[in-house]
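# Close look at the chain arrangement
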Amino acid sequence: MYEGAIADLIDELGRLPGIGPKSAQRIAFYILGADPADVARLASVLKRVKDQVRFCAVCFNVAEEERCRICRDPRRSDEVICVVEEPKDVIAVERTGEFRGHYHVLGGAINPLEGIGPDNLKIRELMLRLRSGEVKELILATDPNTEGEATATYLALLIKPMGLSVTRLASGLPVGGDLEYADEITLGRAFEGRRSLDV
Amino acid sequence: MRVRRLELTDFRSYPQVAVDFEAGPSVLVGPNGHGKTNLVEALGYLAQLASHRVAADAPLVRAGAERAVIRAVIVHDGRELLVELEIVPGKANRARLNRSPASRPRDILGALKLVMFAPEDLSLVRGEPAERRRFLDDLLVTRLPRFAGVRADYDRVVKQRNALLRTAYLARKTGGGSTDLRTLDVWDAHLARHGAELLAGRLELVDVLAPYVEKAYDAVSQGKGAARMAYRCGLAEDGDDVTADRGVLSARLLAALAKSRADELARGSTLVGPHRDDLALRLGELPAKGYASHGESWSYALALRLASFDMLRAEGTQPVLVLDDVFAELDADRRERLAELVGKAGQVLATCAVASDVPESLHGARYDVAGGEVRRVR
Ligand SMILES: Nc1ncnc2c1ncn2[C@@H]1O[C@H](COP(=O)(O)OP(=O)(O)OP(=O)(O)O)[C@@H](O)[C@H]1O
Ligand SMILES: [Mg+2]
Ligand SMILES: [Zn+2]
């Protein structure tokens, strides 16, 4: 086994998602042998990302200011909100070019196995936004898997009394999947063919 | 459908092996513990994404190796399909179809349709309800691969719902106050939807399969009592019939969940749904479990597999039939009868330790399995 800084680095890398012990070791030794300037740049980006990037006060997408780029864009419609689980899903939907409204990022999905309930998600904040009265339509674009479907149903039940139009992305997305991995065409089609959600 | 070639890397006892198979009957002969079952187990795993012998994947990977690879060329309707599966214990399997990665392993289900009878199947008759539910669900997936998704969705919903109930239960026990149960309604709705789908599939399957079971049992046992089976559904109180209508089933599941909610909260787990059902097997007037003799139980288990095979064939697929160590259990008469019954299969792979146990009519190709090698000798 290794000791000191290199052992710490392997430990830290191994904590990252998708990186097993072997990859952690490989990356650690790559960094050890890399050009000092490259490593300094990596270190400074890591620090900057925590210092400068924060979450949008309105939609909880990643932002470099109080409000994110999308929330600040006056050309986008205030009448539609697309609800997604993660900031990476915002990117996926933006790529389709089909959507010109605003977003709301929940920060995950209801998942009792991981101890995540409605209170751990930005659901209260979503309800506040809806009460402002400007929003007419809500598109539930949570992942097409068990937890995403449950979250969509929960939101639909919650919002039903408010009389908004609530739609769910059309099926055709790979079931059990991740929005992030749906290709642009499939996701675009799912947007066009969204259906109202009866609960 | 048939398997043209099987290649294994670090699967069970095999560091590396490749076997070419032909249509018709083949026997795999070799001493005990030399890897006959390991070969057919690999085919079974490709067909069901589960082993018929173990629940965990670790024993499937050769001791000392990190991953196992099963690779098979399947011929179906004159076309060849290369199916590859990499098993890494503790991680998700990875599958490829004709060299392109499948987005999920379960996308390969249906590529190889296979019915296997093995000594472990005695537990279909004598074991717990879970064994019989698995029999039904595996067959359901072989028959209609989309049920792999239904089954996975249902299992996931039950897991999530149980987690929620358990948290609530623990919170109450430790006096931590009430847990958030607003989401329970949502899980109820999803359990009812997926549960109804799975239930409808099972009910339909049992309806179709039951006459085949009766016929097959009759054929292997030469008629001593009728083998009848019926789906035993928790929704059917006082033995009233449960129809396979999804809408009705879903409504009944919801009603049953509402009725048992207090009970479920008190016990911290899901007490309603197809994960609690059973398949009732009767022989004459008596239940098979607990009453049938060893020979009768064994014939019943065999009948369940032969019936599955006959049903799939009648519905237009020609599954591969695997008979692992079956003939040693039978007397000469029954051996001949079984050989006759399965002779019509497009491809039969039979394993045995003693070649003479397998009737002549099944001696198409013969492979000797010994010392980690598989040699075609005829
Ligand atoms: N993961 C593994 N790594 C190495 N060897 C294994 C592994 N799993 C099983 N084996 C070996 O494989 C052998 C069993 O092979 P198999 O079950 O195919 O035997 P068989 O030829 O069917 O025998 P029988 O006639 O008794 O049914 C055992 O000797 C066992 O030690
Ligand atoms: Mg064996
Ligand atoms: Zn924003």
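Just so we're clear, the structure is a prediction, and the values are computed from it rather than from any experiment.

Right, let's get into the overall build of chain B. Within chain B, the secondary structure is distributed over nine helices and 15 strands. The principal-axis extents of the C-alpha atoms in chain B amount to approximately 70 × 50 × 40 Å. Counting all 378 residues of chain B, 44% fall into the buried class. Considering only intrachain contacts with a sequence separation of at least 6, the fraction spanning at least 24 residues in chain B is 69%.

A separate point is the overall build of chain A. Per the secondary structure count, chain A includes eight helices and seven strands. If one aligns the C-alpha atoms of chain A with their principal axes, the spans along those axes are about 60 × 35 × 35 Å. Buried positions account for 29% of the 199 residues belonging to chain A. Within chain A, counting contacts between residues at least 6 apart in sequence, those at least 24 apart form 57% of the total.

Further remarks concern the site of ligand 1. Around ligand 1, 16 residues are found, and the nearest of them are Ser13, Asn32, Lys36, Thr37 and Asn38 of chain B. Residues that form the shell around ligand 1 fall into these classes: four nonpolar, eight polar and four charged.

Turning to the sheet that holds strand S7 (residues 195–196) of chain A, a few remarks are in order. Residues and elements named next belong to chain A. Read from one edge to the other, the open sheet built from five strands follows the order S4-S3-S5-S6-S7, with strand pairing classed as mixed. Both edges of this open sheet fall to strand S4 (102–105) and S7, since each of them pairs with a single strand only. Relative to S7, strand S6 (residues 165–168) runs antiparallel, the two being bridged by two bridges. By the bridge assignment for S7, Arg168 is matched with Arg195.

Before going further, it helps to examine the domain arrangement of chain A. Interface size is commonly expressed as the accessible area that is lost once the parts come together. As far as domains go, chain A holds domain 1 (4–52) and domain 2 (75–196). Using only C-alpha atoms to locate each centre, domain 1 of chain A and domain 2 of chain A end up separated by 34 Å.

It is worth spelling out the interface of chain B and chain A at this point. On the side of chain A, 16 residues touch chain B, which itself brings 19 residues to the contact. For the side of chain B that touches chain A, the secondary structure elements donating two or more residues are helix H4 (147–173) and helix H5 (182–221) of chain B. A total of 10 residues in the side of chain B that touches chain A trace back to one element, the largest contributor, which is H4 of chain B. For the side of chain B that touches chain A, the per-class residue count stands at seven nonpolar, six polar and six charged.

In this section: helix H5 (residues 87–96) of chain A. Residue and element names in this part refer to chain A. Of the positions making up H5, those classed as buried are Asp89, Val90 and Val93. One side of H5 holds all its buried residues, which, seen down the axis, span an arc of 105°. Contacts made by the buried residues of H5 are with strand S3 (80–84), S4 and helix H8 (184–192). Following H5 by one or two positions, Gly97 adopts a phi angle in the positive range, close to 70°.

Once that is clear, we can look at the sheet that holds strand S4 (residues 68–76) of chain B. Residue and element names in this part refer to chain B. What the six strands build is an open sheet, ordered S2-S1-S4-S5-S6-S7; its pairing is antiparallel. With partners counted over all chains shown, the strands left at the sheet margins are strand S2 (14–20) and strand S7 (100–101), one partner each. Direction of pairing for S4 relative to strand S5 (residues 79–87): antiparallel, over a ladder of nine bridges. For Val73, the partnering residue across the bridge sits in S5 and is Leu82. Sheet strands in contact with helix H1 (residues 36–48) are strand S1 (2–11), S2, S4 and S5, and its direction is about 105° off that of S1.

Take the packing of H4 of chain B against H5 of chain B next. Residues and elements named next belong to chain B. For the pair H4 and H5, the least separation of the axes is 9 Å and the interaxial angle reads 150°. With respect to H5, the element H4 is oriented roughly antiparallel. Two packed elements cross with a definite hand, and for H4 against H5 that hand is left-handed. Taken together, the residues of H5 that come into contact with H4 (itself represented by Phe147, Val150, Arg151, Asp153, Tyr154, Val157, Val158, Gln160, Arg161 and Leu164) are Thr183, Leu184, Trp187, His190, Leu191, His194, Gly195, Glu197, Leu198 and Gly201.

Criteria and thresholds
- Residues numbered from 1 in each chain as written.
- Chains lettered and ligands numbered in written order.
- Predicted model: local features only at pLDDT ≥ 70, side-chain atom pairs only at ≥ 80, totals over all residues.
- Helix = DSSP H or I, 4+ residues; strand = E, 2+ residues; numbered from the N terminus.
- Buried ≥ 20, exposed ≤ 12 C-beta atoms within 10 Å, placed from the backbone.
- Contact = placed C-beta atoms within 7 Å.
- Near = placed C-beta within 6 Å.
- Nonpolar A, V, L, I, M, F, W, Y, C, P; charged D, E, K, R; others polar.
- Pairing = 2+ DSSP bridges.
- Domains from an automatic or database assignment.
- Arc of directions from axis to C-beta.
- Axes fitted to C-alpha atoms, helices over the stretch in contact; angles between N-to-C directions.
- Parallel < 35°, antiparallel > 145°, perpendicular 65-115°, else oblique.
- Left-handed = near helix turned anticlockwise from the far one by under 90°.

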